[in-house]
Amino acid sequence: MTRHPLREGWVLRAVPGPQVPPEIVDRAVPATVPGCVHTDLLAAGLIPDPYLDDNETALAWIGRTDWIYETTFDRPAGDADRVDLACAGLDTVATVTLNGAEVGRTENMHRSHRFDVTHVLRPGANTLTVRLDSAYRYAEAHRDRLGDRPNAYPEPFHFIRKTACNFGWDWGPTVVTAGIWQDIALHAWSTARLATVRPLVTVADGVGRVELRVEVERAADAPVTVRAEVAGVAAEAVLAAGERTAALTVEVRDPALWWPRGYGDQPLHPLAVTLHAADGRKLDAWSRRIGFRTVRLDTAPDEHGSAFALHVNGVPVFVRGVNWIPDDAFPNRVTRRRLAERFDQAVGANINLLRVWGGGRYESEDFYELADERGLLVQQDFLFACAAYPEEEPFGSEVEAEAREQVTRLAAHPSLVLWTGNNENIWGWHDWDWQEPLAGRTWGRGYYLDLLPRIVAELDPTRPYWPGSPWSGSEQLHPNDPAHGTTHIWDVWNTDDYTKYREYVPRFVAEFGYQAPPAYATLRRALSDDPLAPDSKGMAHHQKAADGDAKLQRGLDAHLPPPVDFDEWHYFTQLNQARAIQLGVEHFRSHRGVCMGTIVWQLNDCWPVTSWSAVDGDGRRKPLWYALRRAYADRLLTVAPRDGGLAVVAVNDTGRPWRSPVTVTRLSLAGEPKAKTTYDLDVPAYGKLELVLPADLATPKDARRELLLAEAGRSADRALWFFAEDRDIDWPAASYEATVEPIDGGVRVHVTAATILRDLTLFPDRLDPTAEADDALLTLLPGESATVTVRAGRALDATALTTRPVLRTVNQQGGG
């Protein structure tokens, strides 16, 4: 097998139509492959950046236009039996023509296609044309043919097998793409090639077992041999003339096990599969790195309902997860380096699982390889989200082909531990007034409860499948019942205050979130608003959630003083997001054993936007990221309401007992102790301990002027409990001393509190867009000190760095 990438010489043209701007008509635009129309037009200076201001609105015509990609190449040298045009990903409705002859059509972005072009190729120059018809026209035609079906947004994304959030979401832009979004190449081969390789990796009784299922495609009926090797152990199988499938098993004794991060190491073993002719010539090769581990999903009934707990190598894992959306609306911009940065941010926040959400895309090999290397578990949704999906043709066949390909493609990755059938569609059918407008039409049930579980059982029986997120395990139960399976909690944010999280003791929370704007430097890059205001034109356009600003304001009103200006609104909304999610995570973790996982919505953004993310669209960490790092720490100390009083809860997510004294003090805002008790912690590995506090500690004399402090030395971050909301607390005006010490690549900021400083945070990106602080949300008592390291690309003004609006605390005086 020889591969000849087709990446050079591409040009892009718009098919004429009334919506096409005059400057684009008949224009040949240099095109990047892999890539998409938007990024090619942007690179050519023909459109403004769709991520800035409200430019996306003026660019809607792109998704309603047909496009033609074209290149010329020379026929590869050699006398191969067969030459295929291999298209790893076409977005989406494509007609592929070579030298004027149609060689194939596609209508699914989520699968690859291969076309035999042996007899279409010419000696010398060949012209390849890929016409991409409007995704809107295709989807609307199928909608009209099959009858409309309910969805969450007024777009036809559920009538095309394409990234749903391209059509806009409550955090994303409407940029309906078209393009050759993955590699396209000529594959020249003789005799036979490896069509699919599917490794099923298990381990039991100290023996790692790799069962390989191999399919070959033939150009000749000669015998061929498949060989496999891993960890120095090899096996082979001979396929007689005409045979197309082989099964091989390789056993490795006492393999080092692959573990999630925090539970052990991530040893990866190269697995090589080769195909040979009868004379020994190598015809084709395939390789991946695998890890030996087991995964089991415990859903047993118990006194609380029914469990939802992942066990890896026999150890129950409390999932400290985040939801993952596409990191850019234009996938060609998501490089391995960018993914590695995002994954390192996840690891830095003590996250151990990424859920690939069903409204996005199956991610690149880089994504899953990085997860394997870093020990990040992956929950993979099949790509259905927030809509009733038709099961009629062509969708039924396309969904099956897509699922079979992706299950096979991802089978080698030890990080992948759970397949999920859809995002919120079963819940939607049950609760979102879908049944009457559907009037008996298909909506996806056959996919989630029949087709997809059959495919996973056939192709990947080593991993569990769960029909939906949320899903309670049975059609006889409400699909979002917190006592069973997985649940999504969205009354918090949509209608209720975040303190309502404490009313839930769920088995597993697969989505919950709270909004905040992106970093200030991100806003200033993306918006030309002058001045910025919560409701200025650009801010409003980059708030996609229904009534989002009103919900932000409701949250501020419940907890914080009225902001005096935009800078304070920005700080308070980011702070409120961080507090909401920290409260939720700590509450759910405090019920470890009943609850066995939380997946926060969401880690990342695809553009600059007010959203639920911890890392904004420019890759900057919001205060929520720092709150997650604390709330997801291996050892957590938190104060929680219990039976009308308060308790200190110690959660130990390590494999060693946690033994430490813990001191709990009720004190005034001035730091004066009012009551104090010391306990001895002895928390078992992967366990928790609750210490109910006596009334003299748990009951303040003056709720507006007192707090609780729980400390366990250096073994965990300390826990704080305020008896009143910030808006009602009798705060002293913030007073502190701050010094700035230059270091290589930045500065150290030393702050000593003269008064209590509530949620001290530095925002150095206001001075240098590259600047980033290593800590945030620090509450200091009078006399305490903290040091924050700021990395920056240029010198920072010390006075500006240590005063408003760069240095913030809740109890700064307005405007000071």
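What this report covers is the structure whose coordinates are included nearby. From a predicted model like this one, the values you see are computed outputs, not experimental measurements.

**Description of the nonpolar core**
And step 1. Within the largest apolar cluster, 173 residues are counted, with the highest numbers of intra-cluster contacts made by Phe 382 and Leu 628.
And step 2. The element that contributes the greatest number of residues to this core is helix 14 (residues 566-590), accounting for eleven residues.
And step 3. Other than its neighbours up to four places away in sequence, Phe 382 contacts Gly 358, Tyr 362, Ala 403, Val 407, Trp 419, Thr 420, Gly 421, Asn 422, Leu 452, Val 456 and Tyr 465.

**Remarks on helix 6 (residues 395-410)**
And step 1. With 16 residues, helix 6 ought to run about 22 Å at 1.5 Å a step, and its terminal C-alpha atoms sit 22 Å apart, in line with that.
And step 2. By the burial criterion, the buried members of helix 6 are Phe 395, Gly 396, Glu 398, Val 399, Glu 402, Ala 403, Gln 406, Val 407, Thr 408 and Leu 410.

**A few points about the packing of aromatic side chains**
And step 1. Evaluated as defined, the whole model comprises 40 aromatic pairs.
And step 2. Here Trp 171 and Trp 357 contribute two aromatic rings whose centre-to-centre distance is 5.4 Å and whose plane-to-plane angle is 70°, an arrangement assigned as edge-to-face. Taken as a pair, Trp 171 in the loop between helix 3 (135-146) and strand 11 (179-180) and Trp 357 in the loop between strand 26 (353-356) and helix 5 (365-374) lie far apart in primary sequence, 186 residues in all. In this structure, Trp 171 and Trp 357 share a single accessibility class: buried.
And step 3. When the centroid spacing of 6.4 Å and the interplanar angle of 50° are considered together, the rings of Phe 382 and Tyr 465 count as tilted. With Phe 382 in the loop between strand 27 (377-381) and helix 6 and Tyr 465 in strand 29 (residues 465-466), the pair connects residues that are 83 residues apart, well separated along the chain.

**Describing the sheet that holds strand 3 (residues 29-30)**
And step 1. Strand order across the open sheet formed by six strands is 3-2-4-10-7-8, with antiparallel pairing between neighbours. If you trace the sheet from one side to the other, it starts and ends with strand 3 and strand 8 (101-107), each paired once.
And step 2. Relative to strand 8, strand 7 (residues 93-98) runs antiparallel, the two being bridged by six bridges. In the strand pairing of strand 8, Thr 95 is matched with Arg 105.

**Digging into helix 14**
And step 1. Over its 25 residues, helix 14 extends 36 Å from the first C-alpha to the last, a length consistent with the 36 Å expected when each residue adds 1.5 Å.
And step 2. With 23 of 25 residues buried, helix 14 lies mostly within the body of the structure.

**Details of the sheet that holds strand 45 (residues 785-791)**
And step 1. The four strands lie next to each other as 40-41-45-43, forming an open sheet whose pairing is antiparallel. This sheet does not close on itself; its edge strands, each paired only once, are strand 40 (736-743) and strand 43 (772-773).
And step 2. Judged from the seven bridges that link them, strand 41 (residues 746-753) and strand 45 form a sheet pairing that is antiparallel. Bridging from a neighbouring strand, Val 751 pairs with Ala 786 of strand 45.

**Here's the deal with unusual backbone geometry**
And step 1. Each neighbour pair has its own omega, and for Val 33 with Pro 34 the value is 0°, a cis peptide bond.
And step 2. If you trace the backbone, Pro 34 turns up in the loop between strand 3 and helix 1 (37-43).
And step 3. At Asp 547, a residue that is not glycine, the phi angle is positive and equals roughly 55°.
And step 4. Note on placement: Asp 547 falls in the loop between helix 12 (537-541) and helix 13 (548-559).
And step 5. By relative accessible area, which is 60% here, Asp 547 ends up exposed.
And step 6. Non-glycine residue Asp 643 carries a positive phi angle of around 50°.
And step 7. Relative to the helices and strands, Asp 643 resides in the loop between strand 33 (635-642) and strand 34 (645-652).
And step 8. Among the residues examined, Asp 643 registers a relative accessible area of 87% and is labelled exposed.

The rules behind these values
- All residue numbers refer to position in the chain's written sequence, counted from 1.
- Restriction of local features to residues with pLDDT of at least 70 applies here, the model being predicted, together with a cutoff of 80 or more for giving and counting side-chain atom pairs; totals for whole chains, interfaces and linings are based on all residues.
- Excluded from the side-chain calculations are hydrogens and water; all other atoms, namely the structure's heavy atoms, are used.
- Throughout this description, the term nonpolar core refers to a set of buried Ala, Val, Leu, Ile, Met, Phe, Trp, Tyr and Cys residues connected via side-chain atoms within 4.5 Å.
- The buried label applies to any residue whose accessible area, calculated with a 1.4 Å probe on protein chains only, is under 20% of its type's maximum; exposed applies above 50%, and partly exposed to all values in between.
- Secondary structure elements are defined from DSSP: runs of H or I of at least 4 residues count as helices, runs of E of at least 2 residues count as strands, and each element is numbered from the N terminus.
- By definition, residues are in contact when any of their heavy atoms lie within 4.5 Å.
- In this analysis, the expected span of each helix is defined as 1.5 Å times one less than the number of residues it contains.
- Working definition: a ring pair exists when centres of Phe, Tyr or Trp rings (six-membered ring for Trp) sit within 6.5 Å. Plane angles under 30 degrees give stacked, over 60 give edge-to-face, the rest tilted.
- Note on pairing: two strands pair once DSSP finds at least 2 bridges between them.

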